[in-house]
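# Chain and residue survey
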Amino acid sequence: MDFKDYQKQEDARIAICIGHLEAGVNFVDIRTAYIDENVKIGAGTVIGPCVTLEGNTIIGKNCCILQNSRIENSVVGDGVEIQSSVVVESEIGEGTKVGPFAYLRPGSRIGKDCKVGDFVEVKNSSFGDGSKASHLTYIGDSDVGRDVNIGCGVVFVNYDGTHKHRTTVGDSAFIGCNTNLVSPVKVEDGAYIAAGSTVTEDVPEDALCIARARQKNIRGWAAEKGLYRK
């Protein structure tokens, strides 16, 4: 590409941004926004620097699409905030917060007023209204109900080496930190999973599930081995 072709491409890109600006979209730095021609953006939305909006993406009104986010062929509801995250072929309900550094892979359907926090990955899953996964979690091939709390380090273990399997989590369930949900498994409404559990069987409604080895302390073992006194 020679300079003239590059300049034409840049002029066309800026013209798209100016069209959105005139329609009520706000830009932190219009020179660093990359928006495909078929993208639709609602009035009052803020587009941060180095944002890329691709394909047939639709962004609602009064959203904040902040620095270094990429959104492809997705639908984002009104009032959504996305920070430094990647969203591909997914849907996000109004009032939800995503990121920073989240990854919504194809087939993800996030409800209203949810939280998908830092280093959370969602793939081919539904996530009910008001549910939260604040950090360091993988949610794959699952159906998560409303008002569910998913703790740090939770993994939906969806692949057995040959086939993918689904997990279902009911409304108002609590999934403690560092839990493994080994698919296929069902956690019913209101169930509580203790931190550090590996869940391989269905959990009944309102039950407490503890699926971990009992702690055993061997007194003096470290001193006897001299592990820290070499």
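Note that the coordinates shown come from a computational prediction; the quantities given were computed from them, not determined experimentally. (Residues numbered from 1 in each chain as written. Predicted model: local features only at pLDDT ≥ 70, side-chain atom pairs only at ≥ 80, totals over all residues. Heavy atoms only, no water.)

## Structural notes on the nonpolar core
The biggest cluster of nonpolar side chains holds 46 residues, and the ones touching the most others in it are Leu-53 and Ile-150. Elements with a minimum of two residues in this core: β16 (115–123), β18 (132–140) and β25 (185–187). In terms of residue count, β16 provides more of this core than any other element does, 3 residues in total. In this view, Ile-150 contacts Phe-127, Lys-132, Ala-133, Ser-134, Thr-137, Ile-139, Val-144, Phe-156 and Ile-175; residues no more than four positions away in its chain are not counted. (Core = buried A, V, L, I, M, F, W, Y, C linked by side-chain atoms within 4.5 Å. Buried < 20%, exposed > 50% of the residue type's maximum accessible area, 1.4 Å probe, protein only. Helix = DSSP H or I, 4+ residues; strand = E, 2+ residues; numbered from the N terminus. Contact = heavy atoms within 4.5 Å.)

## Quick look at the pattern of salt bridges
Applying the stated rule across the entire model yields 8 salt bridges. Note that Arg-31 and Asp-29 form a salt bridge whose closest N and O atoms lie 3.1 Å from each other. Asp-143 is paired through a salt bridge with Arg-166; the nearest N and O atoms lie 3.1 Å apart. Of this pair, Asp-143 sits in strand β19 (residues 142–144) while Arg-166 sits in the loop between β21 (155–157) and β22 (167–169), and the two are 23 residues apart along the sequence. Judged by relative accessible area, which is 34%, Arg-166 ranks as partly exposed. Salt bridges sharing common partners tie together Glu-54, Arg-70 and Glu-72. (Salt bridge = Lys/Arg side-chain N within 4 Å of Asp/Glu carboxyl O.)

## Comments concerning a negative patch on the surface
On the surface, a cluster of negative charge is contributed by Glu-188, Asp-189, Glu-201, Asp-202, Glu-205 and Asp-206. Of note, Glu-201 is situated in the loop between β27 (198–199) and β28 (208–209). When its relative accessible area of 60% is taken as the criterion, Glu-201 is described as exposed. (Patch = residues over 30% accessible without salt bridge, like charges linked within 9 Å, V, L, I, M, F, W, Y side chains within 5 Å. Areas by Shrake-Rupley, 256 points an atom, 1.4 Å probe, with all protein chains shown as cover. Lys, Arg positive; Asp, Glu negative; His and termini not counted. Charge placed at Lys NZ, Arg CZ, Asp CG, Glu CD.)

## As for helix α1 (residues 3–22)
With 20 residues, α1 should reach 28 Å at 1.5 Å per residue; the first-to-last C-alpha distance of 28 Å fits that figure. Every buried residue belonging to α1 is among Glu-10, Arg-13, Cys-17 and His-20, and all of these are buried. The arc that holds every buried residue of α1, seen down its axis, measures 75°, which confines them to one face. Exposed residues pointing more than 90 degrees away from the buried face of α1 are listed as Lys-4, Lys-8 and Glu-22. Elements that come into contact with the buried residues of α1 comprise β1 (26–27), β2 (34–35) and β3 (40–41). (Expected span 1.5 Å × (residues − 1). Arc of directions from axis to C-beta.)

## What about the sheet that holds β25?
Sheets are built from strands that pair by backbone hydrogen bonding, the pairs being arranged parallel or antiparallel. With parallel pairing, the 9 strands of this open sheet are ordered in space as β3-β6-β9-β12-β15-β17-β19-β22-β25. Whereas interior strands pair on both sides, the edge strands pair on one side only; in this sheet they are β3 and β25. (Pairing = 2+ DSSP bridges.)

## Points about the pairing of β16
Pairing of strand β13 (residues 97–98) with β16, which is carried by 2 bridges, proceeds in the parallel orientation. Note that in β16 the partner of Lys-97 across the bridge is Lys-115. As judged from the 2 bridges shared by strand β14 (residues 103–104) and β16, these two strands associate in the parallel manner. Paired with Tyr-103 across the bridge in β16 is Glu-121. Note: β16 against β18, 7 bridges, orientation parallel. Residue pairing for β18: Lys-115 is matched across the bridge by Lys-132.

## A closer look at a nonpolar patch on the surface
Taken together, the side chains of Phe-174, Tyr-192, Leu-208 and Ile-210 present a nonpolar region at the surface, about 390 Å² in accessible area. Among the structural elements, Tyr-192 can be located in strand β26 (residues 192–193).

## Considering unusual backbone geometry
With an omega of 5°, the peptide bond between Gly-99 and Pro-100 qualifies as cis. Looking at the element boundaries, Pro-100 is found in the loop between β13 and β14. For the peptide bond that leads from Ser-183 to Pro-184, omega is -5°, which places it in the cis range. Within the element layout of this structure, Pro-184 appears in the loop between β24 (180–182) and β25. One non-glycine residue, Asn-73, lies in the positive phi region at around 45°. Looking at where Asn-73 falls in the secondary structure, it is placed in the loop between β8 (70–72) and β9 (75–76). You will see that Phe-101, though not glycine, has its phi angle at about 65°, which is positive. In this fold, Phe-101 is placed in the loop between β13 and β14. The class of Phe-101 is partly exposed, set by a relative accessible area of 47%.

As far as function goes, none of this settles anything; it's purely spatial.
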